[in-house]
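# Secondary and tertiary structure notes
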Amino acid sequence: MNKMIEEAINVLKENDRGGYTVPTSRLYPFQWNWDSGFTALGLWRFNKWRAWLEIISLLDAQWENGMIPHIVFRQNDPDYYPGPDIWNSNNEPPSSCLSQPPVLSSVVWQMVDKGTPYDARKAKEIFSRLMASHRWFMDSRDPVNKGVIAAIHPWETGRDNCPDWDMGLKNVEVPKELESYARRDIIHVDTEQRPTKVEYDKYMSIVHFGKKVGWNDNVIYNEGPFLMADPGIQFILLRATKDLLRLAHHLRMNAALDEINNWIEKLTKGSAWLWNETVGGFCARDMRTGKFSDGITNASMLCFYAHVGDNLQREKMATHCERILKKCKYAFPSWDPEHKCFNKIRYWRGPVWLIMNYMIEKGLNEMGYDKLAQRIADDSKKLVNTAGMAEYFDPIEGSPLGGANFSWTAAIYLEMNSVDISKNITEN
Ligand code: GLC
């Protein structure tokens, strides 16, 4: 078996904490929402049962209202801040109180589509949970029925300190009564590669507000300090809803079809609100002021994955894609390298993330942009082959950044190499 594939499998095994997988030891010692989704894809390639367990353990933390939290705290760990006592979720198991990009239904659909009746049986058991999580997004993050999903915190977007959020964070005031705190992330990773103190104070101020209003989604939507639309969440949810529809047909869940179709229609219409004519691309947008971010990101590129936009819009996005690829040795940077805010090593302000590459490549392939898709697939493999299973990578130098031995990087590497362990075992 290829040495790197073996290594990727080992990373996933070493990050296994018994029923769930941590993103990496020390820096992220709990279960993260979309990390577990992508991790399940990788696990599925060598241990199906363990892949389903990953999903079931994540859903074990789903809230009554359908929300799947972004972090599940199975135990306390002084190595991480903010831990369970700060979020104060008041439920079991303790969790954070916001969500993350909803990749789960797409992951499940892929496992069923490529799988056996066993996978379909497992999916059937959790189908109503998936429905509830989509319903929560539609009701709580779009209570005004606009078809545009709001993120109430940069952490909800999964792209924590992307310049997209600078505009929304500007309005966040740090309250005098904000508890003092000691960050733990910068003990494990170079400060140059992590969000700044100013950003972190604002992140904690939004948490402070949420706690103050008892994490009431309605109050947060209407009065919260931060409310932005994210092409990442919007396009990932739309794609996941389309995959949920495929799953519903496959499992003959006919009673769910109307509701799902209705969500798809709404989200498709709402996606047009993210088109920034000045930039000629899909961008993040402040929900309160209507002001656009002016940068093309790896999340903008997910328009292909969601199959949104008219022909002209797609061509414009493909042109951006080509232009950006020319500027980088390794695809695909999290921020436009020609924009003044580009920083090749700082968290989500430039570096490459394999999970984003995976979705971009899939979308480009499906929409007929084979050459662009191929470049992204090749670069992704090259990055891991030379720099290992890093959390993220420098798009110019290809060097590893952030945490090492990262679960989702290992998982996507297995996925991109279409690893079939049973074949590998017999071949060796
Ligand atoms: C960071 C990332 C987020 C991810 C988490 C765990 O917070 O920004 O997307 O889920 O790390 O890997």
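This report concerns the structure included in the present document. (Residues numbered from 1 in each chain as written. Predicted model: local features only at pLDDT ≥ 70, side-chain atom pairs only at ≥ 80, totals over all residues. Heavy atoms only, no water.)

Our focus in this paragraph is the pattern of salt bridges. A complete count under the given rule lists 32 salt bridges for this structure. Its salt-bridge partner being Arg 141, residue Glu 156 comes within 2.9 Å of it at the nearest N-O pair. Linking Glu 156 in helix α7 (residues 154-157) with Arg 141 in the loop between α6 (117-140) and β3 (150-151), this pair joins segments that are 15 residues apart in sequence. For Glu 156, a relative accessible area of 0% translates into the label buried. A relative accessible area of 0% places Arg 141 in the buried class. Where Lys 382 meets Asp 379, a salt bridge forms, and the shortest distance between an N and an O atom there is 3.8 Å. Here Lys 382 and its partner Asp 379 are both found in helix α17 (residues 370-387), three residues apart, which amounts to about one turn of the helix. Residues joined in a network through salt bridges with shared partners are Arg 239, Asp 243, Arg 246 and Glu 366. (Salt bridge = Lys/Arg side-chain N within 4 Å of Asp/Glu carboxyl O. Helix = DSSP H or I, 4+ residues; strand = E, 2+ residues; numbered from the N terminus. Buried < 20%, exposed > 50% of the residue type's maximum accessible area, 1.4 Å probe, protein only.)

As a further point, take the nonpolar core. In globular proteins that are soluble, nonpolar side chains generally tend to be buried together. Membership of the largest hydrophobic core comes to 150 residues, with the highest contact counts inside it found for Trp 34, Ile 55, Leu 247, Ile 260 and Met 359. Among the elements that take part in this core, helix α12 (residues 231-251) stands out by supplying 10 residues, more than any other. Contact partners of Met 359, with chain neighbours within four places excluded, come to Trp 34, Phe 38, Val 103, Ile 236, Leu 302 and Tyr 305. (Core = buried A, V, L, I, M, F, W, Y, C linked by side-chain atoms within 4.5 Å. Contact = heavy atoms within 4.5 Å.)

Counted as a void, the largest pocket has a volume near 250 Å³. Forming the boundary of the largest pocket are 16 residues, of which Asp 166, Met 167, Lys 170, Lys 291 and Phe 292 lie nearest the centre. At three residues, the largest contribution of residues to the lining of the largest pocket is made by helix α8 (residues 166-170). Residues that form the lining of the largest pocket fall into these classes: five nonpolar, four polar and seven charged. (1 Å grid on protein atoms, 1.4 Å probe; cavity = no way out; pocket = protein on both sides within 12 Å on 5 of 7 lines; lining within 4 Å. Points joined across faces, edges and corners; volume = space filled by probe spheres on them. Nonpolar A, V, L, I, M, F, W, Y, C, P; charged D, E, K, R; others polar.)

So, about empty space enclosed by the protein. Counted by the stated rule, this structure contains four cavities of 30 Å³ or more. In this structure, the largest cavity occupies an estimated 260 Å³ of space. Sorting the residues of the lining of the largest cavity by element identifies α2 (33-44) and α10 (197-212) as the ones contributing at least two each. Tallied by class, residues from the lining of the largest cavity come to 14 nonpolar, three polar and five charged. Approximately 90 Å³ is the volume found for the second largest cavity. As for the second largest cavity, its lining consists of 15 residues, and the residues nearest its centre are Asn 33, Ile 68, Pro 102, Ser 133 and Phe 137.

Around the ligand sit Pro 23, Tyr 28, Trp 32, Trp 34, Asp 35, Gln 100, Gly 158, Asp 160, Tyr 347, Trp 348, Phe 406 and Trp 408, and those are all the residues in its vicinity. One nitrogen or oxygen atom from the side chain of Trp 34 is found 3.0 Å from an oxygen atom belonging to the ligand. Gln 100 places a polar side-chain atom, nitrogen or oxygen, 2.9 Å from an oxygen atom of the ligand. Taking 300 Å² as the accessible area of the ligand by itself, protein coverage stands at 96%. In a pocket analysis with a 2 Å cut-off to the grid points, the ligand is assigned to the largest cavity. Residue classes in the shell around the ligand are distributed as eight nonpolar, two polar and two charged. (Near = heavy atom within 4 Å. Polar contact = N/O pair within 3.5 Å; in protein donor to acceptor, adjacent residues only side chain to side chain. Areas by Shrake-Rupley, 256 points an atom, 1.4 Å probe, with all protein chains shown as cover. Sits in = over half its atoms within 2 Å of the grid points.)

Attention now moves to α10. Taking 1.5 Å per residue, 16 residues should reach 22 Å; α10 reaches 22 Å between its end C-alpha atoms and fits that length. Of the positions making up α10, those classed as buried are Glu 199, Tyr 200, Asp 201, Lys 202, Tyr 203, Met 204, Ser 205, Ile 206, Val 207, His 208, Phe 209 and Gly 210. Lining the buried residues of α10 we find α4 (84-87), α7, α8, α9 (185-188) and α11 (217-223). Once α10 finishes, Gly 214 follows within two positions and takes phi at roughly 65°, a positive value. (Expected span 1.5 Å × (residues − 1).)

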